[in-house]
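# Report on the structure
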Amino acid sequence: MRLAYGCMGLGSAGSAPTDEEVDRAEAAVRTAYDIGIRLFDHADIYGGGSAEAVFGTVLARNPGLRDQLEIQTKCGIVLGGAENGNAYDLSREHILASVEGSLARLGIDRLDRLLLHRPDPLARPEEIADAFDVLRAEGTVRGFGVSNMAASHIAHLRSAVDQPLEVDQVELGLHHRDLIEAGVLVNHPDARAYAPVAGTLEYCTDHAITVQAYGPLGQGRFTGRPRGPEDEATAALVRRYADELGAAPEAVVLGWLLKHPADVVAVIGTTDPGRIRACADAEAVGEAMTRHQWWSLWSAARGKPVP
Ligand SMILES: NC(=O)c1ccc[n+]([C@@H]2O[C@H](COP(=O)([O-])OP(=O)(O)OC[C@H]3O[C@@H](n4cnc5c(N)ncnc54)[C@H](OP(=O)(O)O)[C@@H]3O)[C@@H](O)[C@H]2O)c1
């Protein structure tokens, strides 16, 4: 199953979960489970910690569920960590303290994977390596990965970290195609915008690092919640191909991403059970999608054909 469930929309900022929030989260988790999803994605900061707390209550309500799931979370963003915004902290102390907090909120004793949420320019790779070794040795974290990192960041980290980096989670989908555009716009003026991520998809494929795509539904841009008139043309094509392929529009949007040979895992974030179910066949829809449909969706979303 190349779908994961993103838990960012569960819970509510900072407060203790209400029964209604837990019911809503349980319905989303159950639906995701029913369509075959086993990987659940968190971060220490989602809902100021309340997403993990709500999920922990769902696990407590459903004995035996935890062992059927793969649970990953992220650390490294400090909300309000600067005078006028957030900061990133990948120091040893911060990583260890963050994992302790996540385990307590989730009510579990081990994470299946920990991701570094964003690159921290003050971080020392040896410190990260040390934190990973401690977590691995004490059994609180089984596997490791990164998020929002380009190939150069990952290569730099790998020079110090002994644990395999299994995942890079990045924004990727029909609405945000940077990693794919970067691989095509070689020697083209438009390539400058994508230069920082050039080669990331290829690097991950070559080093057995799974690319997890966040925001893969584009927050509904092409399936009922357009952000502007430019989304409409793509949405119309998505509807047409949904009819032709006998699929839900959400599965067409995700199918476009899953057809890519990098074998991306799409981390869907809708909390609506109907929309979660609409994603179920995405992988098969990607396989059934013709090259003509795939290139037409890409051209529509980018607003102009490839060079
Ligand atoms: N690593 C990172 O830096 C990072 C950053 C952001 C997110 N993430 C992860 O990726 C996951 C998914 O991200 P995402 O939530 O942006 O992805 P998404 O699946 O593209 O979008 C889901 C959001 O869009 C809304 N939506 C989708 N289709 C809709 C429609 N047809 N009509 C109205 N609303 C619609 C959903 O609302 P409803 O719930 O009402 O359906 C939900 O708020 C997150 O949960 C998180 O785990 C990671």
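Up top is the structure.
What comes next is a walk through the structure. Because the structure is predicted, anything quoted here is derived from the model rather than measured.

### Concerning the overall build of the protein chain
Helix and strand content of the protein chain: 12 helices and 10 strands. Against the compact-globule benchmark of 19 Å for 307 residues, the protein chain has a radius of gyration of 19 Å, which places it among compact chains. C-alpha atoms of the protein chain, sized along the principal axes, occupy 50 × 45 × 35 Å. The burial tally for the protein chain puts 51% of its 307 residues in the buried class. Summed over all atoms, the accessible surface of the protein chain reaches about 13700 Å², with 50% contributed by carbon and sulfur. Distance between charge centroids for the protein chain: 5 Å, based on 29 positive and 43 negative side chains.

### A closer look at the sheet that holds strand β8 (residues 165–171)
With respect to topology, eight strands assemble into a closed barrel ordered β1-β2-β3-β6-β7-β8-β9-β10, the strand pairing being parallel. Here the strands of the sheet are splayed against their neighbours by 30 degrees on average, with no regard to which way each runs. With five bridges joining them, β8 and strand β9 (residues 210–214) adopt parallel strand pairing. Within β9, the position partnered with Glu-171 by the bridge is Tyr-214.

### Remarks on the packing of helix α1 (residues 19–34) against helix α2 (residues 50–61)
Remark: α1 packs on α2, axes separated minimally by 9 Å, with the N-to-C direction vectors making an angle of 70 degrees. Relative to α2, the element α1 is oriented roughly perpendicular. Across the interface between the two elements, Asp-19, Glu-21, Val-22, Asp-23, Ala-25, Glu-26 and Val-29 from α1 touch Val-54, Phe-55, Thr-57, Val-58 and Arg-61 from α2. For the contact of α1 with α2, the residue count by class is six nonpolar, one polar and five charged.

### Some words on the environment of Arg-225
Looking at the element boundaries, Arg-225 is found in the loop between β9 and α8 (229–245). The exposure class of Arg-225 is exposed, given its relative accessible area of 53%. With 10 residues separating them along the chain, Arg-225 and Ala-235 place their C-alpha atoms 9.4 Å apart. Once you skip the residues sitting within four places of it in the chain, Arg-225 turns out to touch Gln-219 and Gly-220. A distance of 3.1 Å separates the side chain of Arg-225 from the backbone oxygen of Gln-219, its partner in a polar contact.

The rules we used
- Residues numbered from 1 in each chain as written.
- Predicted model: local features only at pLDDT ≥ 70, side-chain atom pairs only at ≥ 80, totals over all residues.
- Heavy atoms only, no water.
- Helix = DSSP H or I, 4+ residues; strand = E, 2+ residues; numbered from the N terminus.
- Rg over C-alpha atoms; globule rule 2.2 N^0.38 Å.
- Buried < 20%, exposed > 50% of the residue type's maximum accessible area, 1.4 Å probe, protein only.
- Areas by Shrake-Rupley, 256 points an atom, 1.4 Å probe, with all protein chains shown as cover.
- Lys, Arg positive; Asp, Glu negative; His and termini not counted.
- Charge placed at Lys NZ, Arg CZ, Asp CG, Glu CD.
- Pairing = 2+ DSSP bridges.
- Axes fitted to C-alpha atoms, helices over the stretch in contact; angles between N-to-C directions.
- Parallel < 35°, antiparallel > 145°, perpendicular 65-115°, else oblique.
- Contact = heavy atoms within 4.5 Å.
- Nonpolar A, V, L, I, M, F, W, Y, C, P; charged D, E, K, R; others polar.
- Polar contact = N/O pair within 3.5 Å; in protein donor to acceptor, adjacent residues only side chain to side chain.

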